[in-house]
Amino acid sequence: MFEHIQAAPSDPILGLNDAFRNDPNPKKINLGVGVYKDEQGTTPILKSVKQAEERLLNQETSKSYLSIEGSQAYREAVQTLLFGEDTQIISKQLAQTAQTPGGTGALRVAAEFIRKHLPNATIWVSNPTWANHQAVFQSVNLEVGSYAYYDVDTKSLDFESMLAGLSQVPAGDVVLFHGCCHNPTGIDPTPEQWYQLAKLCSKQGFLPLFDFAYQGFGAGLEEDAQGLRTFLNHVPEMLIANSFSKNFGLYNERVGALTIVSDNADQALAAFTQIKRAVRTNYSNPPSHGSAIVAEILNSKELRSLWEMELKSMRSRIHEMRSLFVNTLRAKGVNQDFSFISKQNGMFSFSGLNPEQVSRLRKEFSIYIVGSGRINVAGMTHENMEPLCEAIAAVLKE
Ligand code: PLP
Ligand code: TYF
């Protein structure tokens, strides 16, 4: 039965992780998969998470199913993080949220919802975008198009081309935006640019889908939500797929949510029943533990302030590594301008290293970078910075 089945290619990012694990070189450096690492190169459990888990262990009385849409406390906490305190969206019940297994689960449910209820819609993603976007949407036979985003020469946002591309998107199509900390470039629109994009969206009549996987990794929890909130001031409807994998360090607990917004509460609720149907035929209902941790933290003053401190310290360490990387490259005699790296947001930067240089870094120095040249800045430490920059200087020379 299975003789005709060919092996699927490995995921370009997760596959790199396997190769790293199997590399015996003790000096190996992993700047591949987007996982936060501390100064010791480990991905620790946040203190706020541990404390919440201790509380849960004592309080939990049942392992019975959650409802299809997940925990109520969690769903409310998600909306407050996305939209802010005391917003009309919440008080008028214009948004409905389903707890999902990670941000990927939210994207997949969104994809099925779009395919079924907006069957003629094409979904437009930035060029470049997270490697899994295309695959998730294509897996439900959605048509995927791309819009201009990155200017290779200036290593910045090609906003003019982005606007020009999106001006061609017809009403009824869907456009995916990265809420902040664009993966893989680390380049986000400015507040003024978000405003222009929101106005364009309102004029064209396309549906925005925000993928919000790094809230708090850019400038702060509120600041990072600015693009999304600017859109909500101008457009009547939106989908939001958010993830707590990174900002709570809850990668393997699979915690995320899909939120639908409409300017009409009844419509939001009706559409939400279809989202619940998609969930039911997929995984029935979400896993509980990760969402219980997030709700516990967000609903406790003490744990929330501890979490915000921990989030800030992750964010600050990444900023520090960005500057140190730029300065160390210069100190190692690299003449090319890498200063753009210190201006970018979140974990990732497009280094501009070409596939041959990426391949040499791996073969000769056991330094693992995604083939596109994307680097995970959070994989840098004070300890590995010198050898890392020496190796990059070496491959840039020839
Ligand atoms: N969206 C983007 C842009 C991401 O970088 C990631 C990273 O993992 C995800 C979605 C998926 O998040 P999760 O691990 O919660 O599924
Ligand atoms: O882009 C990254 O590195 C993270 C982690 O299929 C990731 O978003 C990468 C690939 C993938 C799932 C998660």
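Residues numbered from 1 in each chain as written. Chains lettered and ligands numbered in written order. Predicted model: local features only at pLDDT ≥ 70, side-chain atom pairs only at ≥ 80, totals over all residues.

Student: Can you walk me through the overall build of the protein chain in this structure?
Tutor: Counting its regular elements, the protein chain contains 15 helices and 13 strands. Put simply, the protein chain has 398 residues, and 45% of those count as buried. In the protein chain, 75% of the contacts between residues at least 6 apart in sequence involve partners at least 24 apart. (Helix = DSSP H or I, 4+ residues; strand = E, 2+ residues; numbered from the N terminus. Buried ≥ 20, exposed ≤ 12 C-beta atoms within 10 Å, placed from the backbone. Contact = placed C-beta atoms within 7 Å.)

Student: Quick question: what am I supposed to make of the site of ligand 2 here?
Tutor: In the neighbourhood of ligand 2, the contacting residues comprise Asp11, Ile13, Leu14, Val33, Gly34, Trp130, Ala131, Asn132 and Asn183. Considering only residue class, the shell around ligand 2 consists of five nonpolar, three polar and one charged. A domain-level breakdown of the shell around ligand 2 finds at least three residues from each of domain 1 (14-45 + 313-397) and domain 2 (65-299). (Near = placed C-beta within 6 Å. Nonpolar A, V, L, I, M, F, W, Y, C, P; charged D, E, K, R; others polar. Domains from an automatic or database assignment.)

Student: Is there a simple way to think about the domain arrangement of the protein chain in this case?
Tutor: By a widely used convention, the size of an interface equals the accessible area lost when the partners come together. Here the protein chain is described as being made up of domain 1 (14-45 + 313-397) and domain 2 (65-299). Here the C-alpha centroids of domain 1 and domain 2 sit 28 Å apart. Residue-level contacts link 17 residues of domain 1 with 19 residues of domain 2. At three residues, strand β11 (residues 348-350) tops the list of elements feeding residues into the side of domain 1 that touches domain 2. Broken down by class, the residue content of the side of domain 1 that touches domain 2 amounts to seven nonpolar, eight polar and two charged.

Student: So what exactly am I meant to see when it comes to the site of ligand 1 here?
Tutor: Close to ligand 1 lie Gly34, Gly102, Gly103, Thr104, Trp130, His178, Asn183, Asp211, Ala213, Ser243, Ser245 and Gly256, which account for all nearby residues. In terms of residues, the shell around ligand 1 owes the most to one element, helix α5 (residues 102-117), which gives three residues. When grouped by side-chain class, the residues that make up the shell around ligand 1 number two nonpolar, nine polar and one charged.

Student: Mind showing me how you'd approach the packing of α5 against helix α6 (residues 131-138) here?
Tutor: Each packed pair of helices is defined by two parameters, the angle between the axes and the distance between the axes. Across the interface, α5 lies against α6 with an axial gap of 9 Å and an inter-helix angle of 35°. The handedness of the crossing between α5 and α6 is right-handed. Contact residues: Thr104, Leu107, Arg108 and Ala111 in α5; Asn132, Val136 and Phe137 in α6. For the contact of α5 with α6, a count of residues per class yields four nonpolar, two polar and one charged. (Axes fitted to C-alpha atoms, helices over the stretch in contact; angles between N-to-C directions. Left-handed = near helix turned anticlockwise from the far one by under 90°.)

Student: Looking at this model, I keep getting lost on the UniProt feature "domain: Aminotransferase class I/classII large" (unreviewed entry) in the protein chain. Mind explaining?
Tutor: Here, UniProt's "domain: Aminotransferase class I/classII large" (unreviewed entry) annotation points to residues 27-392. Overall, residues 27-392 shows 45% helix and 15% strand. The separation of its end C-alpha atoms is 15 Å. (UniProt positions renumbered as here; feature names shortened; annotations may be inferred.)

Student: Explanation requested: helix α15 (residues 382-397) in the structure shown.
Tutor: Since the α-helix turns once every 3.6 residues, residues separated by three or four places project in the same direction. Between its terminal C-alpha atoms α15 stretches 24 Å, which fits the 22 Å expected from 16 residues at 1.5 Å a residue. On its buried face, α15 is in contact with β1 (29-30), α13 (301-331), α14 (355-365) and β12 (367-368). (Expected span 1.5 Å × (residues − 1).)

Student: In this structure, what is going on with the sheet that holds strand β2 (residues 95-100)? I would like to understand it.
Tutor: Sheet strands pair by backbone hydrogen bonding; their relative direction is either parallel or antiparallel. Across the sheet, which stays open at both edges, the seven strands sit in the order β2-β10-β9-β8-β7-β3-β4 with mixed pairing between neighbours. Each of the sheet's edge strands pairs with one partner strand only, and the pair in question is β2 and β4 (143-148). Each adjacent strand pair in this sheet contributes to an overall mean axis angle of 25°, direction not counted. With six bridges connecting them, β2 and strand β10 (residues 256-261) associate as antiparallel partners. Looking at β10, one finds that Thr100 is bridged to Gly256. In the packing of helix α3 (residues 72-83) onto the sheet, the strands contacted are β2, β9 (238-243) and β10, and the crossing angle to β2 comes to about 115°. (Pairing = 2+ DSSP bridges.)

Student: Looking at this structure, I do not really get the nonpolar core. What am I missing?
Tutor: Nonpolar side chains in soluble globular proteins generally cluster together in the buried interior. By size, the foremost hydrophobic cluster in this structure holds 110 residues, and its most contacted members are Ala110 and Val294. Counting residues per element, this core draws most heavily on α13, which supplies eight residues. Built from parts of two domains, this core gets at least three residues from each of domain 1 (14-45 + 313-397) and domain 2 (65-299). (Core = buried A, V, L, I, M, F, W, Y, C linked by C-beta atoms within 7 Å.)

Student: Please explain the environment of Val294 as it appears in this structure.
Tutor: Among the secondary structure elements, Val294 is positioned in helix α12 (residues 289-298). Considering only alpha carbons, one finds Val294 and Phe248, 46 residues apart in sequence, at a separation of 7.7 Å. With sequence-adjacent residues up to four places away left out, Val294 is seen in contact with Tyr74, Ala77, Phe244, Phe248 and Val255.

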